[in-house]
Amino acid sequence: MVRRNIPPGSQTSLREANRARLLESLKRHGRLTQVELAGSTGLSPATVSNIVKELTASGILHTSFTSRSGRRATLVSLARQVGLVAGVHYSSRSLHIAIADATRTVVSQTTLPLPVDHRHDAELDRLSLLLSDMMESLGGSVSDLLAVGLAVPAPLDPRTGMISTPGLLRGWDGVDIAASLSARIDRPVFADSEANLGGLAEAREGAGRGAASTVYIRVGHTISAGLVVHGDLFRGVNGKAGQIGHVTIDENGPVCRCSNRGCLETYAAGPALLALFPPAERMPRLSDLIQASEDGDSGARRVIADAGRHIGIATASLCNLFDPELIVVGGELAGAGETLIAPMRHSLERTALPTAAGLPEIVETTFGEWAETRGAIAVALDHVSVAADVAAVSA
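Right, let's walk through the structure included here.

### Section: the sheet that holds strand β6 (residues 106–113)
The strand order across the open sheet formed by five strands is β6-β5-β4-β7-β8, and the pairing between neighbours is mixed. The open sheet has two free edges, formed respectively by β6 and β8 (189–193), since each of these has just one partner strand. Each strand of the sheet is rotated relative to its neighbour by a mean of 15°, with strand direction disregarded. The pairing of strand β4 (residues 84–90) with strand β7 (residues 145–152) spans six bridges and is classified as parallel. Residue pairing across strands places Gly87 opposite Gly149, the latter belonging to β7. Sheet contacts for helix α6 (residues 194–205): β4, β7 and β8; angle to β8, the most-contacted strand, approximately 100°.

### Overview of the nonpolar core
By size, the foremost hydrophobic cluster in this structure holds 39 residues, and its most contacted members are Ile217, Leu289, Ile311, Leu333 and Leu340. Put simply, the parts of the chain that give this core at least two residues each are β9 (213–219), β10 (223–229), α8 (270–274), α9 (286–294), α10 (298–322), β12 (326–330) and α11 (338–351). Ranked by residues supplied to this core, first place goes to α10 with nine residues. With residues near it in sequence (within four places) discarded, Leu333 still touches Val219, Gly220, Ala268, Leu273, Leu286, Leu289, Ile290, Ile304, Ala307 and Leu340. By size, the runner-up hydrophobic cluster in this structure holds 38 residues, among which are Leu37, Val82, Ala100 and Ala380.

### Some thoughts on the sheet that holds β12
As summarised here, the arrangement of the five strands in space is β11-β10-β9-β12-β13, forming an open sheet in which the pairing is mixed. Edge positions in the sheet fall to β11 (232–234) and β13 (361–364), since each has one partner strand and no second. Going across the sheet, the axis of each strand differs from the next one's by a mean of 30°, ignoring polarity. Examined bridge by bridge, β12 and β13 share four bridges and lie parallel to one another. Pairing of Val329 across the sheet is with Glu364, part of β13.

### Notes on the packing of α10 against α11
As a packed pair, α10 and α11 sit with axes 7 Å apart at the nearest point and diverge in direction by 40°. Of the possible angle classes, the one that applies to α10 and α11 is oblique. Judged by the twist between their axes, the crossing of α10 over α11 is right-handed. Class assignment for the residues of the contact of α10 with α11 results in eleven nonpolar, seven polar and two charged.

### Let's talk about the packing of helix α2 (residues 34–41) against helix α3 (residues 45–57)
The geometry of α2 relative to α3 is characterised by a closest axis approach of 9 Å and an angle of 115° between their N-to-C directions. Regarding the angle of α2 to α3, the classification is roughly perpendicular. Considering only the axes of α2 and α3, their crossing is right-handed. Each of Gln34, Leu37, Ala38 and Thr41 in α2 lies in contact with α3, whose residues at this interface are Pro45, Val48, Ser49 and Val52.

### Describing a negative patch on the surface
On the surface, a cluster of negative charge is made up of Glu281, Glu294, Asp295 and Asp297. As for its placement among the helices and strands, Asp297 is situated in the loop between α9 and α10.

### So, the pairing of β8
Taken across its five residues, β8 has four buried, putting it largely inside the fold. Relative to β8, β7 runs parallel, the two being bridged by five bridges. Across the sheet, Val148 pairs through a bridge with Val189, a residue of β8.

### So, empty space enclosed by the protein
For the structure on display, the rule yields two cavities of 30 Å³ or more. The volume enclosed by the largest cavity comes to roughly 70 Å³. Along the wall of the largest cavity there are 14 residues; nearest its centre are Pro153, Ala154, Pro155, Ser224 and Gln243. Of all the secondary-structure elements, those providing two or more residues to the lining of the largest cavity are α6 and β10.

Thresholds applied
Here the residue numbers are simple positions, counted from 1 along each chain's written sequence. Totals for whole chains, interfaces and linings use all residues, but because this is a predicted model, local features are given only for residues with pLDDT of at least 70 and pairs of side-chain atoms are given and counted only at 80 or more. The basis for every side-chain value is the complete set of heavy atoms in the structure, and neither hydrogens nor water enter the calculation. Strands were regarded as paired on the criterion that DSSP finds at least two bridges between them. By definition, any uninterrupted DSSP run of H or I lasting at least four residues is a helix, any uninterrupted run of E lasting at least two residues is a strand, and each is numbered from the N terminus. Axis definition: a line fitted to C-alpha atoms, limited for helices to the stretch in contact. Angles are taken between N-to-C directions and run from 0 to 180 degrees. In this description, contact between two residues means that some pair of their heavy atoms is separated by no more than 4.5 Å. Think of a nonpolar core as a cluster: buried Ala, Val, Leu, Ile, Met, Phe, Trp, Tyr and Cys residues, connected wherever their side-chain atoms sit within 4.5 Å. Three labels apply to residues, based on accessible area from a 1.4 Å probe with only protein chains included: buried if under 20% of the type maximum, exposed if over 50%, partly exposed otherwise in between. Convention used here: angles under 35 degrees read as roughly parallel, angles over 145 as roughly antiparallel, angles from 65 to 115 as roughly perpendicular, and any remaining angle as oblique. Helix crossings get a hand from a simple test, with the near helix turned counterclockwise from the far one by less than a right angle marking a left-handed crossing and a clockwise turn marking a right-handed one. When residues are sorted by character, Ala, Val, Leu, Ile, Met, Phe, Trp, Tyr, Cys and Pro go into the nonpolar class, Asp, Glu, Lys and Arg into the charged class, and all the rest, Gly among them, into the polar class. Candidates for patches are residues over 30% relative accessible area with no salt bridge; among them, like charges are joined within 9 Å and nonpolar side chains (Val, Leu, Ile, Met, Phe, Trp, Tyr) within 5 Å. Using a 1.4 Å probe, the Shrake-Rupley method yields the accessible areas, and only the shown protein chains count as cover for residues. Whenever a carboxyl oxygen of Asp or Glu lies within 4 Å of a side-chain nitrogen of Lys or Arg, that contact is scored as a salt bridge. We score Asp and Glu as negative and Lys and Arg as positive, and we do not count His or the chain ends. Just so you know, the charge point we use is NZ for Lys, CZ for Arg, CG for Asp and CD for Glu. Method remark: on a 1 Å grid restricted to protein atoms, a set of points is classed as a cavity if a 1.4 Å probe fits but cannot get out and as a pocket if it is open with protein on both sides within 12 Å along at least five of seven lines; lining residues have an atom within 4 Å of a point. Grid points are joined across faces, edges and corners, and a volume is the space filled by probe spheres set on the points.

Shape is all these values report; function is a separate question.
Okay, here's the thing in structure tokens:
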């Protein structure tokens, strides 16, 4: 990427800085009206209008018309031809892949089941082939991807790219996951935990958009949380922030996969819930449990409600520490809706410290099973640098 030597403080330098600020805002939020762009960038409406006209003419931006509060408004987004990124989500039992353009519009997606205790080498090899096939179906190749975002079901140490707590994801320990995939496909890869990326998607373009701080609680075969402040993730020093699934509920309880006793996961995560049913009742998957609950099975409803109660108690502790504005619930078990969320809400009301403003609202994820993949797309776009005539990837 060629850069000109522009004197700092010059009119040209100021104009380029303003363009960069506007482009970063669109990368972060997806689509915004010109009025919203003025608010998010701090630029005057006239300056925004001029930049939008200039970059639309050069093919970097796309504009359309929408309505805001009954008035016509110009909606602005990055142009699709800026390039493509991929979002990938490895959960405990499934793989989601989506390819999207710079407007976050998904142009291809697929989902596949995963075996229990899947290993990084076999799965990253398979992912490389899948990405190649998907790009070929779009008339391109993997080399056309600007970046790939990757979500995994365990916390990652931001300094090493490895699982921060050994044993939480067997078969993936001791591996720089992003670097390992990048070596296979020769594209930049940026990895984070599934809860973090689900939280990023909800905070930037989903249920948490506009909230100052959001907690995304992912409940499925594992339980974890993503903490987002003003649209940015809080990971902690070792990437372990938000590991609510390993909050101790009973110090004399069952041994958890993390080697501690009585963690929230041993009472409310998928394996613990499904183990409560005898084999004769055929409850092998969380989707079966949710379906039984919807069909009126009182035992299934009770199991989900008890899980919600336990999660709500742990969430109250998280609220006392982090004090979020909003709580978003995602993951496979979020499909149970109010059967899960109502007991969470009740536990929060009973055990969280009250405030004059009231307790944070608890809502269901906007994007369902694709929230983490959309967050992976967002983190990939975060690392794509868009200039007036070029798209490059930042380190």
